Amino acid sequence: MYDRAMCLGIPGQITDVLDEHYAIVDVGGAKRKINTDLAGNGTLKSGEWLLIHVGFALAVIDEAEAKATLALLEEMEDVYTQELQALAESQVHQASDAEDTP
Amino acid sequence: MKYVDEYREQTKAAALSEKIREITPLDSHYKIMEICGGHTHTIYKYGIESYLPDNIHLVHGPGCPVCVIPLGRVDDAIAISLQDVIFTCFGDMIRVPGNKRSLGDAKAQGADVRIVYSPLDALHIAEQNPSRQVVFLAIGFETTAPATAIALKRAKAMRISNFSVFCNHVTIIPPLVAILDSENVEIDAFIGPGHVAAVTGSRIFAQITETYATPVVVSGFEPLDVLQSVYMLVKQFHEGVRKVENQYSRVVSYGGNPVALRVMEETMEVRPYFEWRGLGTISNSGLKINSEYADFDAENRFSIPGTEVKEPRACQCGQVLQGKIKPYECKVFGKACTPEKPIGTCMVSAEGACAAYYNYGRFMEINAKLVKSTK
């Protein structure tokens, strides 16, 4: 059971841009496939940081903002670990099955 | 390193606290509403109120998506889940009580209710189960609605005809207007929701300052962000101005996220009215699937009771969500209503004001009393 703060955004760093819809993103040390339709206008590059909400990149953010947000989230351990757990359990956002995505 | 940072943060917080005290007149009272549940969480977790003078009161607003879902819509969701479908929802919704039971109870009784992280997970389940109907319970403000919109667009493009959305998305401005219009509520200023504004842009709050002369500062979620936003609001009072300011310009722009706004526009339309928990029916406050995507609207595909359900008399979530009372002033808070056995939605969601207060704030209250009693 996990209750998440719905408006939470978690930062992740792009490791690989798959196509115009998806990128592989390092989120809390784990690789996840994140939908990028809403951010970056097709110009995303590896190394850039994203603010992620329910599997979608909502905005491109700078590294300082990403690190500050991560530090905050780590302090809110319960909320953050639940969010990471929910993301880990998501079928669509597994980095391994890049082909199998709606 | 951590301790150095912590020390620096505390020094900055103390400095902001001092600046706020300097410009807050002793004879005035300011009631500042933080709209977003994420801010509520930060305020209680970090004890932000202890950095503020006694005449600045923080009250909690209607920006927790789970908290504002009315009982009737929970019952509608349960009714759909019992129609031989795979019913998908965010984890937050599973324990929310309807009139008699929750989606979790329906699951225990045999309904195929599954928790998903993202609307795309629901779409994926539909793809994997072509012989079953798959419904996604969409909730949330403008932060989350674009994700649902993308799922709808992909479902249409990929012709996944067994997928539909039970849409309960809401928008942020109408409940604020309803609160400002209601009697016996005096809100002096708003701390604006950072991630809603990442989508809408800070510009949507202009109507609040223009119509009601109530200042809004869009804020980030770190403790220093919230403190700085309070300072910016008090400074507006001090200088006699009323405007929208953006403390969270690291993420939020004036115009918002144009792609997110466009996909919402392409898939959804404003409902003439929508019921909110504790706030009643509010005009133009909810979003429904538009006619172009009507095939993916669960409200067209399934039979939905749509009955209005009265809220439990003991529950004062409505007053909490309007900033009329603090969580601990509710009669059942911490007694009949706890996170383990919630009566009201504000106690269910991690970002609900009552749950946040239960988890962090009540200890501050006890500490504050101890400090006062030893003086």
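Computed from a predicted structure; not experimentally measured. Here the residue numbering is sequential within each chain, running from 1 through the sequence in written order. Key to labels: chains lettered from A, ligands numbered from 1, both in the order written. Totals for whole chains, interfaces and linings use all residues, but because this is a predicted model, local features are given only for residues with pLDDT of at least 70 and pairs of side-chain atoms are given and counted only at 80 or more. Each side-chain value is derived from all of the structure's non-hydrogen atoms; neither hydrogens nor water enter the calculation.

Q: Can you walk me through the packing of aromatic side chains in this structure?
A: Within a pair of aromatic rings, the relevant descriptors are the distance that separates the centres and the angle that separates the planes. Stacked, edge-to-face and tilted labels apply to pairs of Phe, Tyr and Trp rings (six-membered ring for Trp) whose centres lie within 6.5 Å, assigned for plane angles under 30 degrees, over 60, and everything in between, in that order. According to the stated counting rule, one finds 9 aromatic pairs over all chains in the structure shown. Between B:Phe221 and B:Tyr248, the aromatic rings sit 6.0 Å apart at their centres with planes inclined by 85°, giving edge-to-face as the arrangement. A residue pair is termed long-range when its members are at least 10 positions apart, and B:Phe221 in the loop between strand 8 (216-219) and helix 10 (223-239) and B:Tyr248 in the loop between strand 9 (244-246) and helix 11 (258-267) qualify at 27 residues. Here the two residues B:Phe221 and B:Tyr248 agree in accessibility, since each one is buried. With 6.5 Å between their ring centres and 45° between their planes, B:Tyr293 and B:Phe296 make a pair best called tilted. You'll find B:Tyr293 and B:Phe296 in the same group, each marked buried. An aromatic cluster of at least three residues, connected via ring pairs, comprises B:Tyr44, B:Tyr328, B:Phe333, B:Tyr357 and B:Tyr358. Any Lys NZ or Arg CZ found within 6 Å of a ring centre and within 35 degrees of that ring's normal is scored as a charge over the ring. A:Lys33 extends its terminal NZ or CZ atom over the ring of A:Tyr22, reaching a point 5.4 Å from the ring centre. By the criteria applied, helices consist of DSSP H or I runs no shorter than four residues and strands consist of E runs no shorter than two, each listed in order from the N terminus. The buried label applies to any residue whose accessible area, calculated with a 1.4 Å probe on protein chains only, is under 20% of its type's maximum; exposed applies above 50%, and partly exposed to all values in between.

Q: I would appreciate a short explanation of the packing of helix 5 (residues 119-128) of chain B against helix 6 (residues 145-157) of chain B in the present structure.
A: Helix packing geometry: the angle between the two helix axes and the distance between the axes. Residue and element names in this part refer to chain B. Between helix 5 and helix 6, the shortest axis-to-axis distance is 8 Å and the interhelical angle comes to 25°. In terms of orientation, helix 5 and helix 6 fall into the roughly parallel class. When you trace helix 5 past helix 6, the crossing you get is right-handed. Where helix 5 abuts helix 6, its residues Pro 119, Leu 120 and Leu 123 lie against Ala 147, Thr 148, Ala 151, Arg 154 and Ala 155. Among the residues forming the contact of helix 5 with helix 6, the class breakdown is 6 nonpolar, 1 polar and 1 charged. Every angle, taken between N-to-C directions, lies between 0 and 180 degrees, and every axis is a line fitted to C-alpha atoms, over only the stretch in contact when it is a helix. Angles below 35 degrees are treated as roughly parallel, those above 145 as roughly antiparallel, those between 65 and 115 as roughly perpendicular, and all remaining angles as oblique. Crossings are assigned a handedness: left-handed for a near helix turned anticlockwise from the far helix by less than a right angle, right-handed for a clockwise turn. For this analysis, residues touch if any pair of their heavy atoms sits within 4.5 Å. Throughout, the ten residues Ala, Val, Leu, Ile, Met, Phe, Trp, Tyr, Cys and Pro are labelled nonpolar, Asp, Glu, Lys and Arg are labelled charged, and all others, Gly among them, are labelled polar.

Q: Sorry, what's going on with the domain arrangement of chain B here?
A: Quite often, the size of an interface is put as the accessible area lost when its parts meet. Residues and elements named next belong to chain B. Domain limits in this description derive from either an automatic procedure or a database domain assignment. By the assigned domains, chain B splits into domain 1 (24-314) and domain 2 (317-374). Placing a centre on the C-alpha atoms of domain 1 and another on those of domain 2 gives a separation of 21 Å. The interface of domain 1 with domain 2 comprises 37 residues on the first partner and 28 residues on the second. Where domain 1 abuts domain 2, roughly 2,600 Å² becomes buried across the two surfaces, and 62% of that area is made up of carbon and sulfur atoms. Throughout, the accessible surface (probe 1.4 Å) given up by two parts as they are put together, summed over both, is called the buried area.

Q: Would you mind showing me how to read the pairing of strand 5 (residues 56-61) of chain A here?
A: A regular strand places its side chains so that they alternate between the two faces of the sheet. All names here are of chain A. Within strand 5, 5 of the 6 residues are buried, which leaves it mostly tucked inside the rest of the structure. In this analysis, strands are considered paired if DSSP registers two or more bridges between them. Bridge count for strand 4 (residues 49-53) against strand 5 is 5 bridges, and the pairing is antiparallel. Across the sheet, His 53 pairs through a bridge with Phe 56, a residue of strand 5.

Q: Hey, could you run me through the sheet that holds strand 6 (residues 163-169) of chain B in this one?
A: The strands that make up a sheet are held in pairs by hydrogen bonds between backbone atoms, and each pair lies either parallel or antiparallel. Residue and element names in this part refer to chain B. Read from one edge to the other, the open sheet built from 4 strands follows the order 4-3-5-6, with strand pairing classed as parallel. Strand pairing shows two members of the sheet lacking a second neighbour, strand 4 (112-115) and strand 6, which therefore form its edges. Strand-to-strand, the axes of this sheet are offset by a mean angle of 25°, without reference to chain direction. In terms of strand pairing, strand 3 (residues 85-89) meets strand 5 (residues 133-140) through 4 bridges, oriented parallel. Considered in strand 5, the bridge of Val 85 is made with Gln 133.

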